[in-house]
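# Structural overview
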Amino acid sequence: MELKFVLTAFVFISATVTTAEYIRPQPRRTLEFPWDPKPSSHPQQVHISLAGDSHMRVTWITDDESSPSVVEYGTSPGGYNCGAEGESTSYRYLFYRSGKIHHTVIGPLEHDTVYFYRCGRQGPEFEFKTPPAQFPITFAVAGDLGQTGWTKSTLDHIGQCKYDVHLLPGDLSYADYMQHRWDTFGELVQPLASARPWMVTQGNHEKESIPLIMDAFQSYNARWKMPFEESGSNSNLYYSFDVAGAHLIMLGSYADYDEYSDQYRWLKDDLSKVDRKKTPWLLVLLHVPWYNSNEAHQGEGDGMMAIMEPLVYAASVDLVLAGHVHAYERSIRVNNGKPDPCGAVYITIGDGGNKEGLAHNICFMN
């Protein structure tokens, strides 16, 4: 059973020398996006995500509020012998008003198959490939993306790889209250996100809450709807899905997680339903790492780890992926802070290209 990962980290390896000290690269500038007017009914910011067994959710935005939430699709270019109609939403954020955000679920779909599709009965044709039904499967993983020159480098690297599903453990756009940056992020990732499913979870930069005025995660929840309902969750901030012999659990670092919380009860229930004969690989993604040897964000995941690691360990989770710390790090199998052959491997992959740059200082612990 083969599970592959394209970990898009900026990992630089150099030989030890006595003449110079290695200097990590500086952050690159935020990308500039020239004004590119399109017809109001033109589909923009197209991305797809898995939506239950053999189904895919297609999400896009139009400026035209009367544009239908319809997706036409088929297995040959221009041959749309299937169609589905979905739902739409929009939101206001202070003086900003989003376009019409469409979410349409299509299927059932064949595995490992290329589909051609069109959104809203007009505009350009897109295509995507569904994941395989069984191993091997390849995941691309990159957290803390943002919209910089390094982001573009990361996306270009992913685009050159053969993979089936993109996993993003939080901090997508780095809009940070500037809502038009959500729009530019959507356009930036569209070439990849419209062709392979992007499965994401929230990070701290998605919060965007303003006390007494704006709720947290309003923009994120409206734009990046994940299959939380399909997995029995009552929140878009945590959910799970199966793909090609793997069960993946996306946890919410910024949702309540104590033993009396909905997320805790949902996780316990979700893990109890895992069939390791059907999905022998069990993975968890979240934003804030539970194990972190970097000074950056040191200890921030301790509270969640104390509550939820016992569930993860009891379920024999294989791998836990996180972002938040702008560095790459991989652990041995560990549990309760100690090496354990039955514990999970922990990987931090939070250096996708964000504007804040790389974390530098290692915290050596006993």
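Residues numbered from 1 in each chain as written. Predicted model: local features only at pLDDT ≥ 70, side-chain atom pairs only at ≥ 80, totals over all residues. Heavy atoms only, no water.

Going by an unreviewed UniProt entry, the chain carries the name Purple acid phosphatase and comes from Citrus clementina. Recorded in UniProt under Sequence similarities (unreviewed entry), the annotation for the chain is "Belongs to the metallophosphoesterase superfamily. Purple acid phosphatase family." UniProt, in the comment section headed Catalytic activity (unreviewed entry), describes the chain in these words: "a phosphate monoester + H2O = an alcohol + phosphate". (UniProt positions renumbered as here; feature names shortened; annotations may be inferred.)

The next point concerns the UniProt feature "domain: Calcineurin-like phosphoesterase" (unreviewed entry) in the chain. When the UniProt feature table is mapped to this numbering, "domain: Calcineurin-like phosphoesterase" (unreviewed entry) covers residues 138-328. Helix makes up 29% of residues 138-328 and strand 17%, whereas the separation of the span's terminal C-alpha atoms amounts to 19 Å. (Helix = DSSP H or I, 4+ residues; strand = E, 2+ residues; numbered from the N terminus.)

Quick look at a nonpolar patch on the surface now. Together, L94, F95, L212 and I213 line one region of the surface with nonpolar side chains, adding up to about 610 Å² of accessible area. Positionally, I213 belongs in the loop between β14 (198-201) and α3 (218-223). Note on I213: relative accessible area 55%, which makes it exposed. (Patch = residues over 30% accessible without salt bridge, like charges linked within 9 Å, V, L, I, M, F, W, Y side chains within 5 Å. Areas by Shrake-Rupley, 256 points an atom, 1.4 Å probe, with all protein chains shown as cover. Salt bridge = Lys/Arg side-chain N within 4 Å of Asp/Glu carboxyl O. Buried < 20%, exposed > 50% of the residue type's maximum accessible area, 1.4 Å probe, protein only.)

The next subject is the nonpolar core. Y117, L167, W198, W224, L251 and W290 are the most contacted members of the largest nonpolar core, which totals 95 residues. Of all the elements, helix α2 (residues 180-193) adds the most residues to this core, at six residues. Residue assignment places this core across two domains, with domain 1 (41-130) and domain 2 (132-365) each supplying three or more. Look past the residues within four positions of W198 in its chain and what remains in contact with it is I48, S49, L145, L155, Y163, H166, L168, V189, L192, A193, W224 and M226. (Core = buried A, V, L, I, M, F, W, Y, C linked by side-chain atoms within 4.5 Å. Domains from an automatic or database assignment. Contact = heavy atoms within 4.5 Å.)

Let us look at the pattern of salt bridges. Inspection of every chain in the model, using the stated rule, returns 13 salt bridges. Here D156 ties to K152 by a salt bridge, and the two come within 3.0 Å at their closest N and O atoms. Within this pair, D156 and its partner K152 are both found in helix α1 (residues 149-159), separated by four residues, close to a single helical turn. D156 gets classed as partly exposed once you look at its relative accessible area, which sits at 39%. Residue classification places K152 among the partly exposed residues on the basis of a relative accessible area of 41%. The shortest N-O distance in the salt bridge between E229 and K225 comes to 3.6 Å. Given a relative accessible area of 12%, K225 falls into the buried group.

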